[in-house]
Amino acid sequence: MPRLLLVDGSSYLYRAFHALPDLRSDAGEPTGAIRGFLSMMKKLREDYHADYIACVFDAKGKTFRDDAYPEYKAQRAPMPEDLVKQIEPIHAGTRALGWPILMVDGVEADDVIGTLSTIASEMKIDTIVSTGDKDMAQLVNEHVTLVNTMSNETLDIPGVTTKFGVPPERIIDYLTLMGDAVDNVPGVEKVGPKTAVKWINEYGSLEGVIANADKIKGVVGDNLRRALDWLPKGRSLLTIKCDVPELHPEILKPLDEDKAALLELYKRYSFKSWTRELESGAPASEDKAAATRDFTDAALKAPDPGDLPGDKPKEYVTINTMEQLDEWLARLDAADIAAVDTETTSLDPMLARLVGISLALEPYKGAYIPLKHRGPDAEGQLDFDAVIEKMRPWLENPEKKKVGQHLKYDAHIFANHGVALHGIAHDTLLQSYVLESHKSHNMDSQAERHLGRRTITFEEVCGKGANQIGFDQVAIDRATEYSSEDSEVTLQLHQTLWPRIEKDAKLKFIYELEMPTSRVLLKMERNGVLIDAALLEKQGGELGTKMLELEQKAYELAGQPFNLGSPKQIGEIFFERMKLPVVKKTPSGAPSTDEEVLQKLAEDYPLPKVLLDYRSLSKLKSTYTDKLPRMVNPNTGRVHTTYAQAVAVTGRLSSNEPNLQNIPIRTAEGRRIREAFIAPPGSVIISADYSQIELRIMAHISKDPALIAAFAAGEDVHRATASEVFGTPREEVTSEQRRYAKVINFGLIYGMSAFGLASNLGIERDAAKNYIDRYFERFAGVKRYMDETRVMAKEKGYVETVFGRRLWLPDINGGNGPRRQGAERQAINAPMQGTAADLIKMSMIAVEDWLEKDQLGTRLVMQVHDELVLEVPENELELARTKVPQLMSEVAALDVPLVAEVGVGPNWDKAH
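These figures come from a predicted structure and were not determined experimentally. (Residues numbered from 1 in each chain as written. Predicted model: local features only at pLDDT ≥ 70, side-chain atom pairs only at ≥ 80, totals over all residues. Heavy atoms only, no water.)

### Topic: the environment of Thr 127
This is how it is decided: Runs of E in the DSSP output that reach at least two residues are strands. Runs of H or I that reach at least four are helices, and both are numbered from the N terminus.
Looking at where Thr 127 falls in the secondary structure, it is placed in strand β4 (residues 126-130). Sequence spacing of Thr 127 and Val 872 is 745 residues, and the spatial spacing of their C-alpha atoms is 72 Å.

### So, unusual backbone geometry
Between Glu 657 and Pro 658 the backbone carries a cis peptide bond, its omega angle lying at 0°. Position of Pro 658 relative to the elements: it lies in the loop between β15 (654-656) and α28 (668-673). Unusually for a residue other than glycine, Lys 703 sits at a positive phi of about 60°. With respect to the element layout, Lys 703 can be found in the loop between α29 (693-702) and α30 (705-712).

### Points about the packing of helix α22 (residues 476-502) against helix α23 (residues 505-527)
For clarity, the threshold we go by: To define axes, lines are fitted to C-alpha atoms, for helices over the stretch in contact only, and angles between the resulting N-to-C directions are given on a 0 to 180 degree scale. Should any heavy atoms of two residues lie within 4.5 Å, those residues are considered in contact. Each residue gets one label: Ala, Val, Leu, Ile, Met, Phe, Trp, Tyr, Cys and Pro are nonpolar, Asp, Glu, Lys and Arg are charged, and the others, such as Gly, are polar.
At a minimum axis separation of 7 Å, α22 and α23 run at an interaxial angle of 115°. The segment α22 lies against α23, with Trp 498, Ile 501 and Glu 502 engaging Leu 507, Lys 508 and Tyr 511. The class makeup of the residues in the contact of α22 with α23 is four nonpolar, no polar and two charged.

### Overview of the pattern of salt bridges
So the rule is basically this: Salt bridges are counted wherever a side-chain nitrogen of Lys or Arg sits within 4 Å of a carboxyl oxygen of Asp or Glu. Per-residue accessibility, obtained with a 1.4 Å probe over protein chains only, is compared with the maximum for each type, and a residue is labelled buried under 20%, exposed over 50%, and partly exposed between these values.
Taken as a whole and judged by the stated rule, the model has 63 salt bridges. Of the charged contacts, one joins Asp 849 and Arg 519 as a salt bridge, the two residues approaching to 2.9 Å between their closest N and O atoms. Placement of Asp 849 in helix α36 (residues 817-853) and of Arg 519 in helix α23 is noted, with a sequence separation of 330 residues between them. Since its relative accessible area comes to 36%, Asp 849 is described here as partly exposed. Exposure remark for Arg 519: the relative accessible area of 34% places this residue in the partly exposed category. The shortest N-O distance in the salt bridge between Glu 736 and Arg 739 comes to 3.2 Å. Separated by three residues within a single helix, Glu 736 and Arg 739 lie in helix α32 (residues 735-749), roughly one turn from each other. Here the salt bridges do not stand alone but share partners, grouping Arg 65, Lys 73, Glu 108, Asp 111 and Asp 183 into one network.

### Looking at the packing of aromatic side chains
Test applied: Here is the rule: rings of Phe, Tyr and Trp (six-membered ring for Trp) pair when centre to centre is within 6.5 Å. Planes less than 30 degrees apart are stacked, more than 60 are edge-to-face, and the remainder are tilted.
Considering all chains together, one arrives at 19 aromatic pairs under this definition. Measuring from ring centre to ring centre gives 6.1 Å for Phe 509 and Phe 803, while their planes differ by 20°; the resulting arrangement is stacked. Taken as a pair, Phe 509 in helix α23 and Phe 803 in the loop between β18 (798-800) and β19 (806-808) lie far apart in primary sequence, 294 residues in all. Here Phe 509 falls in the partly exposed class, since its relative accessible area comes to 39%. Judged by relative accessible area, Phe 803 falls into the buried class, the value being 17%.

This is the structure we're talking about:
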């Protein structure tokens, strides 16, 4: 029977790059990936005789998946420069070895392989697909088999079923439920392989799981129901396209080897043994140094984390005697700066306990102090309390400089054991964020990007999913290797990143803003906020009653009972029973029932409005009234959020576990959630909020004289805008005109088009365009700012805040049309949102410095974008309500006054 051999070239490029040491040609060019890839291609031709062959790579540019879902693969780091340099010679060498190469615009290598293997199956041609990509398992059938050269794994139909727990025809369902983190395709939160397999086996398919979503209990069931609208799109993104036009296996006949081209390439890249082999016609013997460059099967299978580009021999020691600890403490005391890292029992900074501490004073050298390991080798550990007391003077000394990766977390851990970590001089998480806010800032990504090093990952040490062990169960020698590397790589990253920041005055200013912000956030997180659990429970009961009423109302409007969380059942009722208009379709072609569709249909039909209300209440209940009381820390009686500093490109903070920044306040039920955030007896809540901060920043940045004059005079800026746009004296502006002006003011900041404005105001598009034209005539400085900013963003690839924070826009010159237009809108808004983020951070620092200096009982408990929330003893109220807005207004001098407004109450809602 004929055979087709297809190689997923794209899946092997990175593996080849990382599998060998940093090989170089005599001219200093990188060659490891070339050598590794061509070795694999030679071996495949030897191991598998085939009538048709091809090596398939991803084409440059976007694919149909990017158009369907702009976030697809958005988090992937750029290809390392040394690998980029090797792509062209890899292609040339593969062709010279006799392999046809395929790259098809608009689709991925997977889709090309899927199409060819499908056609081959129809022709009764057996297909071997060489790949390391698990998604390809969906292609396996009686004629298609996968082989992984890296692991010597072969997957036929029984092999797929054994490995994944589901047959090939259910692989797409399996992947859809779990999501694909590598491609940035979400699945159902907290669903891993075991749960996905269990559901598919129980309900037969993804469709069966969706149809029975209401039967699945617990948190994971709630997560499934929240994901129901997304799952069809997730499935379409993960489904390999098998109908790419103009592809046929019979065009893929093996080519003759081009020995002349191979010889030129081997000489160019200093492959001496291959050169001798080709020139002599027989394998040549090699000296020991050349032999170490062979791309062996072992190197392909499991590269040693230490055997990678940029690495040198490492010296990591386990500290298990007091003499060693004393020696290291003496070295720490004498050092200019030292890296420190903690290993812990949990990621929850308020509850995690210390397992061990690692230290580093120079790259490639580090030490680990195991303290609370509980494996078979745990007996040799030093006494926990003795180590803490020995290290306390150095840890708490502000003169002894420390560097770490996300040291706010480590400071929490030490604080949990009564140690106040001082001397935090640098943080590589924040250095990376200031330099490249749009990229990944975890240590592993940074090490690969900046040092050419692949570090040992947490999953390699502790495992994944249900099989993951706690760090306290890791063998001490393995823990020493992992944790010491964390510290010494962090030190090396600091030595690489800090000089880049230090020489740029703007970036240095932003970094020196982020570092003290981290200190304030640590204090706020530990302060926590008091909540009234009984009130939340009562509100939850009321929400549940309203949801039952809405459910009954929905049944009446639909004429039958149905699952309000099932897109499939909603779709049947809307479009088959009630014949409502189809607003848009899902990627699979079914009529969509997502929130945008419900909003549109709710303008004319009552049932979609009921469903929207039900969803809103359901989210409030599950996210806040039910969840918040369970998140009260048993040691403090308070809720402690975590503020992530290095997430939003604009510099804004994000709040997690729980998220206190997205409590909906547009509905009465949403606003009532804030009533449960209370002050303790004898204290009140103060809310201090910047007034119209982004409009004030727009006035400053654009230098528009009319806007500046309105703010300088303390006028109502929306009334002033309405007066200009409608040509009406200010005292005669109607409330409707002011409302229009407010929408225009805020809409243009966010890049709203005439279509968007018309939709928002419920007016004709031509009328909206006239309003915008009149606005720009009267506020010409704003129009000039927008035009100049778009041009500057395209030239630089980023925009800046007033204070110099760089806001990178990866799609401003790339991306498809919608993504590029989105980047242009972001270019206009980001400097304002980013400047507002800078100002609130300055305010937090100023307020906390005042509180500490004057040793007051008032404390910061929350930050919500442009708002600070404080818990204030009643005897400090008058001082705080005067001093806080004063400090906020004085942190920077803009062309317009900064104004902070203060509210006071027994709870957050009353203070707001």
